[in-house]
Amino acid sequence: MSTIVIDPITRIEGHLKIETVVEDGVVKDAHSTGSLFRGLELILRGRDPRDAQVITQRICGVCPQPHAVACARNLDSAFGIAGKIPDNARIIRNLIQGAHIVQDHVLHFYHLAALDYVDIAGVADYAGGDAVLTSVREFIERGQLGPFMPRYEGDYRLPAHVSQQACAHYIDALEIRRIGSEMVGILSGKIPHSVGVVPGGVTCAPTIDMVTSFLWKLKRLQQFVNDVYIPDVFAVAAAYPDYFEIGAGCRNYLSYGAYDLEGQADVVQRNMLFKPGVTSQDMVLAPLDVSRIAENVKHSWYEDPPAPLHPSQGETRPQFAKQDAYSWVKAPRYDGLVYEVGPLARVAVNYASGDQTVRTLVDSALKRLNLPSSALFSVMGRHLARAISAKLLADALEGWLFELKPGEPTYVEYEIPEEATGFGLTEASRGALGHWVEIRGKKIYNYQCVVPTTWNASPRDDAGNPGPIEQAITGTRIKDRDNPFEIVRIVRSFDPCLACAIH
Amino acid sequence: MVKEVPVIWLQTSTCTGCSVSLLDSASPNIKNILIDQIIPGTHISLRFHATLMAGSGEQVLQVMEDTMTKERGGYVLIVEGAIPTSSAGVFGFIGERDGHPFSMQERLLELASNSMAVLSVGTCASFGGIPAAQPNPTDCRPVKSVLDSAGIVKPLINIPGCPPHPDWVVNTIAGIVLKGLPRADELDDNLRPLAFYGKLIHETCPRRASFDEGKFAKKPGDEGCLYELGCKGPITYADCPTRRWNNGTNWVIGAGAPCNGCTQPEFPDLTSPFYDKLPETLFRTPVLIQR
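Residues numbered from 1 in each chain as written. Chains lettered and ligands numbered in written order. Predicted model: local features only at pLDDT ≥ 70, side-chain atom pairs only at ≥ 80, totals over all residues. Heavy atoms only, no water.

A few words now on the overall build of chain A. Tallying secondary structure elements over chain A gives 14 helices and 14 strands in all. Radius of gyration (C-alpha) of chain A: 22 Å, near the 23 Å computed for a compact globule of 503 residues. Counting only C-alpha atoms, chain A reaches 65 × 60 × 45 Å along its principal axes. Every one of the 503 residues in chain A was classed for burial, and the buried ones make up 67%. Pairs at least 24 residues apart make up 74% of the contacts formed inside chain A by residues separated by at least 6 positions. When the accessible area of chain A is evaluated, it comes to approximately 15,800 Å², of which 50% is carbon and sulfur surface. Averaging the locations of the 49 positively and 59 negatively charged side chains of chain A gives two centres separated by 1 Å. (Helix = DSSP H or I, 4+ residues; strand = E, 2+ residues; numbered from the N terminus. Rg over C-alpha atoms; globule rule 2.2 N^0.38 Å. Buried < 20%, exposed > 50% of the residue type's maximum accessible area, 1.4 Å probe, protein only. Contact = heavy atoms within 4.5 Å. Areas by Shrake-Rupley, 256 points an atom, 1.4 Å probe, with all protein chains shown as cover. Lys, Arg positive; Asp, Glu negative; His and termini not counted. Charge placed at Lys NZ, Arg CZ, Asp CG, Glu CD.)

Okay, structure coming up:
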């Protein structure tokens, strides 16, 4: 028996350590430790509720936009205007969040995950005429290979020409994700930490030149997703078929749903692009009941309440050096069970709800790879689901854009109530995102966030059940303990964001 | 022979927004910065950046430590994030040393004392920013304050903003590469390069005429000056109105939202409530706070 400790896990957002116990080459146990606490929930207390729009985005600079949307929905709900947000504002919020998330998925596949599969050193042999690849070859020849070396060695399987092409796409993707940021900028001022989404609606008035500029940037994104990103996911999937067999983990999936497709007054009944619900590997849909969520902290560095708390009653009382605790991440559970959130959960929930577009995309992908449907619940299944999620969004954005009505309202006025409670749910890039607020004396009395990676990177819960990433690693055979590719590939397939998880 | 300028990018109490903003750099783009010769004959050798680097765990900390010892006095340390100093650094640690968690504060002191110069990128590293906001749960402090307390004297430049515009970061580095560290008269009292932070937002704002004529927006989306909606442009030094963001597509006030003062040492406690009118007493007389 021995241990493998990886600290820091790089190419994720934030500070994460993974510690495993390995016996006969197989992971017997895994612990996931988030190692930065900032206390944004404590900082929010006593402030003007509207200021949460600025402060909660600072939970994460990689995925600030979903926080802006979750916060605005939270405050809309607390201010009693959730059913009154003008259609223009609903659509602009969708466009801003959608553009942001398409670029975020591209960022994840190319800039966070790909270097686990693609051999950038192979560009040293490039003899073609492409200027970008030639410049990479010259970079390699100069001999200072930071930040691309050192790395784990021994399992880069793509053929040389495919690998070289993927390196070129890594660089193309840098520009594509920048264009995605420009789309957010058009409608929301700037990004990271945009300003356009506020309680009551949005701050900008849509104009024709915004629509056309957004449209032609969108077409670049759409083309890249369809012609480059998805084919590259298939190329990696074909070379690493064993990664459809590992990393499943808890096999329960939860999605809050996102992107209201209609403006009817009852927010809960609205049709959405991504459906709300819970499911498992059997793909049977159950309705989402948010009252069943509770955060466990027995193994987290916080004071223990008498029982796990629903986020509307949530507490954040840091207590380092607590017996049995090993992470700043709390452990949210649904119905007391461990649930994974993220693109795979979104795709599974839409599939289970009978969404024909998703069923066709998933079934045809698995058929093309000659895989059973159970293969979706795996490392490579997460990459595939993320690409499908990006395609669904990229394809939907154009239609939404032309639903905008320049000149029509984008904002509804409100009074900050003396006392109120609210909650706002959405789907961030990395999964189910919820904000809860309690207002007293027109100020924030309590603000709690349960963020996607809070679910996925959670430590053990009060009952001792390991979190989704911990479960996904456990049982995995490690081929080479000096180059534990399996562990980092499993962890990165969740696209962890630790600043989010702990906040 | 191409000159290599080694850089270590340390992330502390941060949201990674400063790094993502740098990824959005348009000209030069991030590929030009990392792979090409940023200025003919000079390449920025990014040795350590946890969000981008290929390796993991012990092997990448080894790179950080090798750079520190083998290039002593020759590398630029970029810090993104405030430094949590409460309770011996238990709120933030990176890797281990001798079997114990190694705090961000200890890493900073070690890396800074062996560096050529320190760039505090973003408002958290420069002034404390969001994690240092009241009640400052982890006693976060700016980089300079932590170095001063430890008696470490290094050339230090603050490049605040939540996040900073990528041009501010890239061109500060380009300036160092082209002509060396900035002179004292090229920085303001907060150690910000005057080239980017020399004027108030209010001085160059395209809605300034509305302010002068007393035409004020009453709600988001209205035309007119955003002063009554809480704009902090009158106390905020940055060139956002002329530089604009995300490859020049737009900027905060261009999207109809008030400036929240994010490049200031006063952000966020004294520039909030963000959507309330700036008190007359603060108008044009920024109150500098010390941490």
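This brings us to the nonpolar core. By size, the foremost hydrophobic cluster in this structure holds 217 residues, and its most contacted members are A:Leu95, A:Leu187, A:Tyr229, A:Trp400, A:Ile473 and B:Leu119. Per element, the largest residue contribution to this core is 16 residues, and it comes from helix H7 (residues 208-239) of chain A. Contact partners of A:Trp400, with chain neighbours within four places excluded, come to A:Ile91, A:Asn94, A:Leu95, A:Tyr259, A:Leu261, A:Leu273 and A:Leu393. Grouped together as the second largest cluster of nonpolar side chains are 26 residues, B:Met64, B:Met68, B:Leu108 and B:Leu147 included. (Core = buried A, V, L, I, M, F, W, Y, C linked by side-chain atoms within 4.5 Å.)

What follows deals with the side chain of A:Arg58. Counting through the fold element by element, A:Arg58 comes out in the loop between helix H2 (52-57) and helix H3 (64-78). There is a polar contact of 2.9 Å between the side chain of A:Arg58 and the backbone oxygen of B:Cys162. Other than its neighbours up to four places away in sequence, A:Arg58 contacts A:Arg38, A:Leu40, A:Lys190, A:His193, B:Cys15, B:Ile130, B:Cys162, B:Asn260, B:Cys262 and B:Phe267. (Polar contact = N/O pair within 3.5 Å; in protein donor to acceptor, adjacent residues only side chain to side chain.)

Each partner contributes to the interface: chain B provides 79 residues, whereas chain A provides 76 residues. For the pairing of chain B and chain A, the buried interface totals around 6,500 Å² over both sides, and the portion due to carbon and sulfur atoms is 61%. Our count for the chain B to chain A interface comes out at four salt bridges. Of the charged contacts, one joins A:Lys17 and B:Glu96 as a salt bridge, the two residues approaching to 3.4 Å between their closest N and O atoms. The tally of links from chain B across to chain A stands at 39 residue pairs in polar contact (both at pLDDT 80 or more). (Buried area = accessible area lost by both parts, 1.4 Å probe. Salt bridge = Lys/Arg side-chain N within 4 Å of Asp/Glu carboxyl O.)

Moving on, we get to the sheet that holds strand S7 (residues 117-121) of chain B. Residue and element names in this part refer to chain B. Sheet architecture is open: five strands sit in the order S2-S1-S3-S7-S9, paired in parallel fashion. Here the strands that pair on one side only, and so sit at the sheet edges, are strand S2 (42-49) and strand S9 (156-159). Across the sheet, the axes of successive neighbouring strands diverge by a mean angle of 20°, strand direction being ignored. Across five bridges, strand S3 (residues 76-80) lies against S7 in parallel orientation. Looking across to S7, one finds that valine 76 is bridged to alanine 117. (Pairing = 2+ DSSP bridges. Axes fitted to C-alpha atoms, helices over the stretch in contact; angles between N-to-C directions.)

Space inside the largest pocket adds up to approximately 660 Å³. Around the largest pocket sit 29 residues that line it, and A:Arg73, A:Val267, A:Val268, A:Met272 and A:Leu425 are the ones nearest its centre. Of all elements in the fold, only H3, helix H4 (87-113), strand S7 (258-260) and strand S12 (419-428) of chain A reach the threshold of two or more residues within the lining of the largest pocket. The residue inventory of the lining of the largest pocket, partitioned by class, reads 15 nonpolar, seven polar and seven charged. Lining the second largest pocket are 20 residues; nearest its centre among them are A:Arg50, A:Tyr411, A:Tyr414, B:Pro220 and B:Leu229. Looking at the lining of the second largest pocket, its residues break down into 10 nonpolar, two polar and eight charged. (1 Å grid on protein atoms, 1.4 Å probe; cavity = no way out; pocket = protein on both sides within 12 Å on 5 of 7 lines; lining within 4 Å. Points joined across faces, edges and corners; volume = space filled by probe spheres on them. Nonpolar A, V, L, I, M, F, W, Y, C, P; charged D, E, K, R; others polar.)

With that settled, the discussion passes to the pattern of salt bridges. Under the criterion given, the structure shown has 55 salt bridges over all chains. A salt bridge links A:Arg430 to A:Asp495; the nearest nitrogen and oxygen atoms lie 3.2 Å apart. With A:Arg430 in the loop between S12 and strand S13 (431-440) and A:Asp495 in the loop between helix H13 (485-493) and helix H14 (498-502), this pair connects stretches of sequence that are 65 residues apart. When sorted by exposure, A:Arg430 lands in the same class as A:Asp495, which is buried. The salt bridge involving B:Arg243 is made with B:Asp167; its shortest N-O contact spans 3.0 Å. In this pair, B:Arg243 sits in helix H11 (residues 240-243) while B:Asp167 sits in helix H7 (residues 166-179), placing the two residues 76 residues apart along the sequence. In this structure, a network of salt bridges that share partners links the residues A:Asp155, A:Arg157, A:Asp242, A:Lys479 and A:Arg489.

Interpretation in functional terms is not warranted from these geometric data alone.
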